[in-house]
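Residue-level structural notes
The chain contents come next:
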Amino acid sequence: MTANSRLSAGDAAPDLTLSDADANTVSLADYAGKRVVVYFYPAAGTPGCTKQACDFRDSLAQLNDAGLDVLGISPDKPAKLAKFRDAEGLTFPLLSDPEKSTLQAWGAFGEKSMYGKTVTGVIRSTFVIDADGKVEVAQYNVKATGHVAKLIRDLKL
């Protein structure tokens with residue numbers, strides 16, 4: 001899959017196995033039989049990414065009550081993710097993809113427009129994976145602010 005390939009509803013979710021903030025291995029397969037929100041963000045500790053992560057944190061009980069787990073993925077190393085998690089009180093796994101292979105497999109890395117310029121980088125994206133490992137929702141170029149509330153509305157939670 002190239003960096004510009006995008007996932008759509010009904011596609012099989014690409015496998016992922018990455019290290020979390022504590023250097024433990026986490027796989028999408030660990031969530032087999034469950035629905036999971038997988039979201040990709042550019043960089044831990046930046047204003048937009050912090051806002052988005054805190055929105056997921058603040059909505060986690062509602063998402064969990066609806067049977068959804070949350071995984072956040074960025075190219076940051078585990079140590080930076082641990083610092084971010086601890087600073088913001090995040091209670092869901094943050095996964096590290098420094099090689100960007102998972103980002104690319106999910107279509108969350110490639111060309112994007114930033115401040116009017118075309119750059120290559122992480123495309124802020126959110127997916128809902130169903131209990132069978134299929135993409136239920138695929139959203140690219142999402143806004144950091146207000147995105148979680150919109151996702152909850154879209155899922156009618």
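Residues numbered from 1 in each chain as written. Predicted model: local features only at pLDDT ≥ 70, side-chain atom pairs only at ≥ 80, totals over all residues. Heavy atoms only, no water.

**Quick look at the packing of helix α1 (residues 47-65) against helix α4 (residues 147-154)**
Quick note on the threshold: Think of each axis as a best-fit line through the C-alpha atoms, taken over the contacting stretch in the case of a helix, with angles from 0 to 180 degrees between the N-to-C directions. Under the DSSP-based scheme used, a helix requires at least four consecutive residues in state H or I and a strand at least two consecutive residues in state E, with every element numbered from the N terminus. Any angle that falls under 35 degrees is termed roughly parallel, while one over 145 is termed roughly antiparallel, one within 65 to 115 roughly perpendicular, and all others oblique. Note on contacts: a residue pair qualifies if any of its non-hydrogen atoms lie within 4.5 Å across the two residues. Only Asp, Glu, Lys and Arg are considered charged, only Ala, Val, Leu, Ile, Met, Phe, Trp, Tyr, Cys and Pro nonpolar, and every remaining residue, Gly among them, polar.
Relative orientation of the contacting elements α1 and α4 amounts to 30°, with a least axis distance of 8 Å. For the element pair α1 / α4, the angle class is roughly parallel. Residues Gln-52, Asp-55, Phe-56, Ser-59, Gln-62 and Leu-63 of α1 form the contact with α4, whose participating residues are His-147, Val-148, Leu-151 and Ile-152. Of the residues belonging to the contact of α1 with α4, the class tally is 5 nonpolar, 4 polar and 1 charged.

**Let's talk about the pattern of salt bridges**
As a reminder, the rule being used: Whenever a carboxyl oxygen of Asp or Glu lies within 4 Å of a side-chain nitrogen of Lys or Arg, that contact is scored as a salt bridge. Burial status follows relative accessibility: with a 1.4 Å probe on protein chains alone, a residue under 20% of its type maximum counts as buried, one over 50% as exposed, and anything between as partly exposed.
Per the stated rule, a full pass over the model turns up 7 salt bridges. Put simply, Lys-51 and Asp-55 hold a salt bridge, and the shortest N to O gap is 3.0 Å. Remark: Asp-55 and Lys-51 occur in helix α1; sequence separation between them is 4 residues, near one turn of the helix. Of the residues examined, Lys-51 reaches a relative accessible area of 37% and is grouped as partly exposed. Linked through salt bridges whose partners overlap, the residues forming this network are Asp-22, Arg-85 and Asp-86.

**Quick notes on the pairing of strand β8 (residues 125-129)**
For clarity, the cut-off: Two strands are said to pair when DSSP picks up at least two bridges between them.
Counting buried positions along β8 yields 5 of 5 residues, so the element is predominantly enclosed. Burial along β8 is two-sided: the face carrying Ser-125, Phe-127 and Ile-129 and the face carrying Thr-126 and Val-128 are both buried. By the bridge criterion, 5 bridges tie strand β3 (residues 35-40) to β8 in an arrangement that is antiparallel. When the bridges of β8 are listed, Val-37 appears paired with Val-128.

**Things to note about unusual backbone geometry**
You will see that Ala-23, though not glycine, has its phi angle at about 70°, which is positive. Tracing the backbone shows Ala-23 in the loop between β1 (17-20) and β2 (25-27). Even without being a glycine, Asn-141 presents a positive backbone phi close to 55°. Within the secondary structure layout, Asn-141 lies in the loop between β9 (135-140) and α4.

**Structural notes on the sheet that holds β8**
Pairing is mixed across the open sheet formed by 7 strands, whose spatial order is β2-β1-β5-β4-β3-β8-β9. Every interior strand has two partners, whereas the edge strands, β2 and β9, have only one. With direction set aside, neighbouring strand axes in the sheet form an average angle of 30°. Pairing geometry for β3 and strand β4 (residues 68-74), over 6 bridges, is parallel. In the strand pairing of β4, Val-36 is matched with Asp-69. Contacts from α1 reach β3, β4 and β8 within the one sheet, and its direction differs from that of β4 by about 160°. On the sheet, helix α2 (residues 78-88) packs against β1, β4 and β5 (94-96) and is oriented at approximately 160° with respect to β5.

**Looking at the packing of aromatic side chains**
The condition is simple: Stacked, tilted and edge-to-face are the three classes applied to pairs of Phe, Tyr and Trp rings, where Trp contributes its six-membered ring and a pair requires centres within 6.5 Å; stacked means planes under 30 degrees apart, edge-to-face means over 60, and tilted covers the rest.
Summed over the entire model, instances satisfying the criterion amount to 9 aromatic pairs. Arranged with centres 4.4 Å apart and planes meeting at 20°, the rings of Tyr-39 and Phe-56 form a pair that is stacked. Of the two residues, Tyr-39 sits in strand β3 while Phe-56 sits in helix α1, which places them 17 residues apart along the sequence. Ring pairs connect the aromatic residues Tyr-39, Tyr-41, Phe-56, Phe-84 and Phe-92, which therefore count as one cluster.

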